Amino acid sequence: ALWPGAVKTEVVSDFTSRPSTSEAAKSVWAQSETPLFSGRAVASLAMDPNRKKKAGKVVASADLALEYGFTEEDGSQPPSILALRNFFPASLKPLVPKSLSVPKWVVTLATTKF
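Read on for an overview of the structure. These figures come from a predicted structure and were not determined experimentally.

1. Looking at the overall build of the chain
Per the secondary structure count, the chain includes five helices and two strands. Written out in order from the N terminus, the α and β elements of the chain read β-α-α-α-β-α-α. Considering only C-alpha atoms, the chain reaches an extent of 45 × 30 × 30 Å along its principal axes. Counting only residues that meet the buried cut, the chain has 26% of its 114 residues in that class. Sequence-distant contacts, at least 24 apart, represent 53% of the contacts inside the chain between residues at least 6 apart. With the model as given, the accessible surface of the chain reaches about 7,700 Å², and the carbon-plus-sulfur share is 63%. On the chain, the mean spot of the 14 positive side-chain charges and the mean spot of the 10 negative ones are 9 Å from each other.

Okay, structure coming up:
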């Protein structure tokens, strides 16, 4: 399953451009992925001759970007939805290494229907 992070759609862009939108909300959505980024993840995965190794697994589009070397149109790299630092308040995020992520087995357990 391909898991994009927060996706910057037209609705999100309209929301964040409103003066009434909080700075906290704007900062969260500023790091979101565009639909183009998700498309690049799908295209890169489709071109991978070893894509079968990822079948049945959770893969975040930002993690695929690191593996395959693609970026957003502006060259930026959105954070992974599985990044552990996403679960901490902004004041603590600098203390959490970018390389730490939620174990994929936890995500699989959380999303599996018993």
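2. Concerning the pattern of salt bridges
Using the criterion set out here, one finds three salt bridges in the structure. Across the pair lysine 26 and glutamate 23 runs a salt bridge, and its minimum N-O distance is 3.8 Å. Of this pair, lysine 26 and glutamate 23 both sit in helix H2 (residues 23-30), three residues apart, roughly one helical turn. Overall, glutamate 23 belongs to the exposed group, its relative accessible area being 59%. The shortest N-O distance in the salt bridge between glutamate 67 and lysine 54 comes to 2.9 Å. Residue glutamate 67 is found in helix H4 (residues 61-68), and its partner lysine 54 is found in the loop between helix H3 (35-47) and strand S2 (59-60); the two are separated by 13 residues along the sequence. One salt-bridge network, in which partners are shared between bridges, spans Asp48, Lys54 and Glu67.

3. Side note on the nonpolar core
Counting residues in each nonpolar core, the largest one holds seven residues, listed as Phe37, Ala41, Leu45, Val59, Leu64, Ala65 and Phe70. With three residues, H3 is the single largest residue contributor to this core.

Rules of the game
Residues numbered from 1 in each chain as written. Predicted model: local features only at pLDDT ≥ 70, side-chain atom pairs only at ≥ 80, totals over all residues. Heavy atoms only, no water. Helix = DSSP H or I, 4+ residues; strand = E, 2+ residues; numbered from the N terminus. Buried < 20%, exposed > 50% of the residue type's maximum accessible area, 1.4 Å probe, protein only. Contact = heavy atoms within 4.5 Å. Areas by Shrake-Rupley, 256 points an atom, 1.4 Å probe, with all protein chains shown as cover. Lys, Arg positive; Asp, Glu negative; His and termini not counted. Charge placed at Lys NZ, Arg CZ, Asp CG, Glu CD. Salt bridge = Lys/Arg side-chain N within 4 Å of Asp/Glu carboxyl O. Core = buried A, V, L, I, M, F, W, Y, C linked by side-chain atoms within 4.5 Å.

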